[in-house]
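Summary of structural features
The primary structure of each chain is shown beneath.
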Amino acid sequence: MPQASNHVKWCLAKAQKELEECKQQGKRPKHRGLIQIKPNNEEAKKHLEKAEHYIQATEFLKKGEFADISAGTLFYSMYHCFLAIACKFGYESKNQTCTVALVELLLEEGKINLDKKFVDLLKPDESEKKQAGFAIDIREEYTYGAEVSIKDKVKIEELINTSKELIDRAKDIVFGKE
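Report on the accompanying structure. Each chain carries its own residue numbering, running from 1 in the written order of its sequence. The model is predicted, so local features are restricted to residues of pLDDT at least 70 and side-chain atom pairs to those at 80 or more, both for listing and for counting; the totals for chains, interfaces and linings are taken over all residues. With hydrogens and water stripped out, all remaining heavy atoms of the structure feed into the side-chain values.

Observations concerning the state of the cysteines
Here, a disulfide means two cysteine sulfur atoms that sit within 2.5 Å of each other. As enumerated under the stated definition, the model contains one disulfide in all. Residue Cys11 pairs covalently with Cys98 via a disulfide, S to S 2.0 Å. Measuring the twist about the S-S bond at about -90°, one finds the Cys11-Cys98 disulfide to be left-handed. In this pair, Cys11 is assigned in helix H1 (residues 2-25) and Cys98 in helix H4 (residues 96-108), connecting sequence segments 87 residues apart. Secondary structure elements follow DSSP: runs of H or I no shorter than four residues count as helices, runs of E no shorter than two count as strands, and numbering proceeds from the N terminus.

Below, the structure is given as structure tokens:
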């Protein structure tokens, strides 16, 4: 727990510092961390709609034999679920690792009921766990690599199903259907 808590504190301080620097320089407010906001279910709903949109895009790409591109759409489908949860609890995130740390902290504090597998999929691989960072790894492999087809179609199907499951769980969390 301390690691997620410390990371969230760092993310909050980072954003505050960057916003102060923007103000001092007369620039528009911009940050790459976490800020506390009023809980916003309307914005959370939009993130969930975006997550579903990415699932639709994934299915479209898969049918068109562009499954390599769907690695990114699946990652962002899951990520937008995390952004929705952040909005529900009064946070705005502009940083992927900060978003994951926040969701991990909410889970550890018992504020959300979410299988840790979802956090592990989006958390950078810091261990030998099979699932750790998998969504990030596959997104990076097919976004930055030269491959135009995905060899392991079963893994993509698993990620599609996992993304859909996460969308359902995030809806429960955001709209209080737990």
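Read on for the rest.
What to know about the packing of aromatic side chains
Only Phe, Tyr and Trp rings take part, Trp by its six-membered ring, and two of them pair if their centres are within 6.5 Å. Stacked means planes under 30 degrees apart, edge-to-face means over 60, and tilted covers everything else. Inspection of every chain in the model, using the stated rule, returns four aromatic pairs. Taking the centre distance of 6.1 Å and the plane angle of 35° together, the rings of Tyr54 and Tyr76 count as tilted. Here Tyr76 lies in helix H3 (residues 67-88) and Tyr54 lies in helix H2 (residues 41-63), a separation of 22 residues in the sequence. For every residue, the accessible area (1.4 Å probe, protein chains only) is compared with the maximum for its type, and the residue is labelled buried under 20%, exposed over 50%, or partly exposed between those bounds. Its relative accessible area of 19% is what places Tyr54 among the buried residues. Between Phe75 and Tyr76, the ring centres sit 4.9 Å apart and the planes meet at 90°, which makes this aromatic pair edge-to-face. A residue is classified by how much of its surface remains accessible, and Phe75, at 2% relative accessible area, is buried. Grouping aromatic residues by their ring pairs yields a cluster made of Tyr54, Phe75, Tyr76 and Tyr79.

Thoughts on H4
Along its 13 residues, H4 runs 18 Å from first to last C-alpha, staying within 8% of the 18 Å computed at 1.5 Å per residue. The element H4 is largely enclosed, with a buried count of ten among its 13 residues. Along H4, the residues that are buried comprise Cys98, Thr99, Val100, Ala101, Leu102, Val103, Glu104, Leu105, Leu106 and Leu107. Of the residues flanking the end of H4, it is Gly110, one or two places downstream, whose phi is positive at about 75°. Multiplying 1.5 Å by the helix residue count minus one yields the expected span of that helix.

Points about H2
Taking 1.5 Å per residue as the helical rise, H2 with its 23 residues ought to reach 33 Å, and the 33 Å between its terminal C-alpha atoms agrees with that figure. Where H2 is concerned, the buried positions are Ala44, His47, Leu48, Ala51, Tyr54, Ile55, Thr58 and Leu61.

Here's the deal with the nonpolar core
Within the largest apolar cluster, 42 residues are counted, with the highest numbers of intra-cluster contacts made by Phe82, Ile85, Ile112 and Leu114. The element contributing the most residues to this core is H3, with eleven residues. Note on definitions: a residue-residue contact is assigned when non-hydrogen atoms from the two residues lie within 4.5 Å. Not counting chain neighbours up to four residues away, the residues in contact with Ile85 comprise Val103, Leu106, Ile112, Leu114, Ala170, Ile173 and Val174. Buried residues of nine kinds, namely Ala, Val, Leu, Ile, Met, Phe, Trp, Tyr and Cys, make up a nonpolar core once their side-chain atoms join them within 4.5 Å.

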